[in-house]
Amino acid sequence: MKKTIAVLFGGQSSEHEVSCVSAVTIAAHMDAEKYEQILIGITKEGDWLKVDSISQIEDGSWRNSSVHAVLSAEATTKSVIFLEGGKAITRKLDLVFPALHGLYGEDGTIQGILELARLPYVGCGVLASSIAMDKLCTKMLVGTLGIRQAQYVSIMRDELNDMEAVVEKVEAGLSYPMFVKPCNAGSSRGVSKVRNKEELREGLSLAAEHDRRLLVEEMIVGRELECAVLCGDECMVSGVGEVLAAADFYDYDAKYHSAESQTDLAPVLPEGKEDEIREAAARIFTAVDGYGLSRLDFFLTEDTNEVVFNEINTLPGFTGISMYPMLWEKKGISKQELIDKLIAGALIRYNR
């Protein structure tokens, strides 16, 4: 008997559009002989809507759906309720596949709803999702592992009422150039590379548009490397891929809008560095209590070839140019097989 799987996508974060593209990839590669899909799109305003086809996601017409979806949090129900023409139609669910990135999707909030509903779901749980989404919390945890990461200064949005005091605080701890980031944002949204006081002020103001907790980091000059983890009945770590960014740094436009940005799935690295990155990825994934999938990002410093941890993404992109599925395809695991493994792992965790 086919399992009924709800694919959630869209969402209220700045990564709404990326999530829609990820959902198309996931839905298109989900084995139709094993699974019946139910597509549920979440608008930027927070409306949950029933979506009839992948093509509606591709052309954006799903946002015009008149059928609202309500995911029941009742543990005995395990269902989604569609409200159509004054009628409520209930559909039982076997599993939920969140294709959501960023706030309200990758940060533990949707995972909490699914835990209340006692519905199996793909990906990390509440704890790992919330810790990994918050760059400052991640840094604090990784700091206990002895794994090098960029030096940083944390800022609260309210501190920006005295911008000059904040600038002084940052300059006392770090040297230019440096990066300013929101603590809770993905796909490099709200991230700036700053080279002087004026750019620092502008970068802090931009980051504050995305979050109330901000992070200023030292700039690491080196190669950008990424590694994937897949965890179900066993945990596997992929090989290492390299990001060759078209821009000054791998920002949102460089990731999704520039044809010049490239990835190398078999970069030549100094001896032992791939193993070091893979080992660090496994340790960090375990430390945050990861499960299902994650992509971990590192730098390899230009002068000293030192591995420096950057960040962990617990619901990495599933687009055609996303590193996570490409790294597993390099290992011989197709997108369809990868989706099968993620679904199987979610059911294993639930049955435990």
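The structure this text deals with has already been given above.
Report on the accompanying structure. (Residues numbered from 1 in each chain as written. Predicted model: local features only at pLDDT ≥ 70, side-chain atom pairs only at ≥ 80, totals over all residues. Heavy atoms only, no water.)

1. Side note on the sheet that holds strand β11 (residues 213-218)
Under the convention used in this document: A pair of strands is considered paired only if DSSP assigns at least 2 bridges between the two. Where helices and strands are cited, they refer to DSSP runs of H or I of at least four residues and of E of at least two residues respectively, numbered from the N terminus. Interaxial angle, 0 to 180 degrees, is taken between N-to-C directions of lines fitted to C-alpha atoms, where a helix line uses only the stretch in contact. Whether two residues touch is decided by their heavy atoms; if any such pair falls within 4.5 Å, the residues are in contact.
Taken in spatial order, the four strands make up an open sheet running β8-β11-β9-β10, and their pairing is antiparallel. The outermost strands of the open sheet, each flanked by one partner alone, are β8 (152-156) and β10 (192-194). Each strand axis lies, on average, 25° off the axis of its neighbour in the sheet, ignoring direction. The pairing of β8 with β11 spans five bridges and is antiparallel. Bridging from a neighbouring strand, Met156 pairs with Arg213 of β11. Contacts from helix α5 (residues 135-142) reach β8, β9 (178-182) and β11 within the one sheet, and its direction differs from that of β11 by about 55°. Contacting β9, β10 and β11, helix α7 (residues 197-208) crosses the sheet at an angle of about 20° to β9.

2. Some thoughts on unusual backbone geometry
The following threshold applies: Between buried and exposed lies partly exposed: a residue is buried under 20% and exposed over 50% of the maximum accessible area for its type, with that area taken using a 1.4 Å probe on protein chains only.
In this structure, the amide linkage connecting Tyr176 to the following residue, Pro177, adopts the cis form with an omega of -10°. Turning to its location among the elements, Pro177 is positioned in the loop between α6 (163-173) and β9. With a phi angle near 60°, Tyr104 is a residue other than glycine that sits in the positive phi range. Checked against the element boundaries, Tyr104 lands in the loop between β7 (95-98) and α3 (109-116). Look at Tyr104 and you get partly exposed, because its relative accessible area is 46%. A positive phi angle, close to 55°, is found at Asn305, a residue other than glycine. By the element assignment, Asn305 lies in the loop between β15 (292-301) and β16 (307-313). Asn305 gets classed as partly exposed once you look at its relative accessible area, which sits at 30%.

3. Details of the pattern of salt bridges
Quick reminder of the rule: Any Lys or Arg side-chain nitrogen located within 4 Å of an Asp or Glu carboxyl oxygen qualifies as a salt bridge.
Using the criterion set out here, one finds 21 salt bridges in the structure. Through salt bridges with shared partners, one network takes in Lys139, Lys181 and Glu217.

4. Digging into the packing of aromatic side chains
What describes a pair of aromatic rings is the distance from one ring centre to the other and the angle between the planes of the rings. The following threshold applies: Between 30 and 60 degrees the pair is tilted, below 30 it is stacked and above 60 it is edge-to-face, where a pair is any two Phe, Tyr or Trp rings, Trp via its six-membered ring, whose centres lie within 6.5 Å.
Evaluation of the coordinates by the stated rule reveals four aromatic pairs. Note on Phe9 and Trp62: the rings are 5.0 Å apart at their centroids and 70° apart in plane angle, and the pair reads as edge-to-face. One end of the pair, Phe9, is in strand β1 (residues 3-10); the other, Trp62, is in the loop between α2 (54-59) and β4 (68-71), with 53 residues separating them in the sequence. Exposure remark for Phe9: the relative accessible area of 0% places this residue in the buried category. Taking relative accessible area as the criterion, Trp62 reaches 0% and is therefore assigned buried.

5. So, the sheet that holds β15
If you walk across this open sheet you meet the five strands as β14-β13-β12-β15-β16, and the pairing is antiparallel. Strands with a single pairing partner mark the edges of an open sheet, and in this sheet they are β14 (262-264) and β16. Here the average twist between neighbouring strands, direction ignored, is 30°. Across ten bridges, the pairing between strand β12 (residues 222-231) and β15 is antiparallel. Paired with Cys231 across the bridge in β15 is Gly292.

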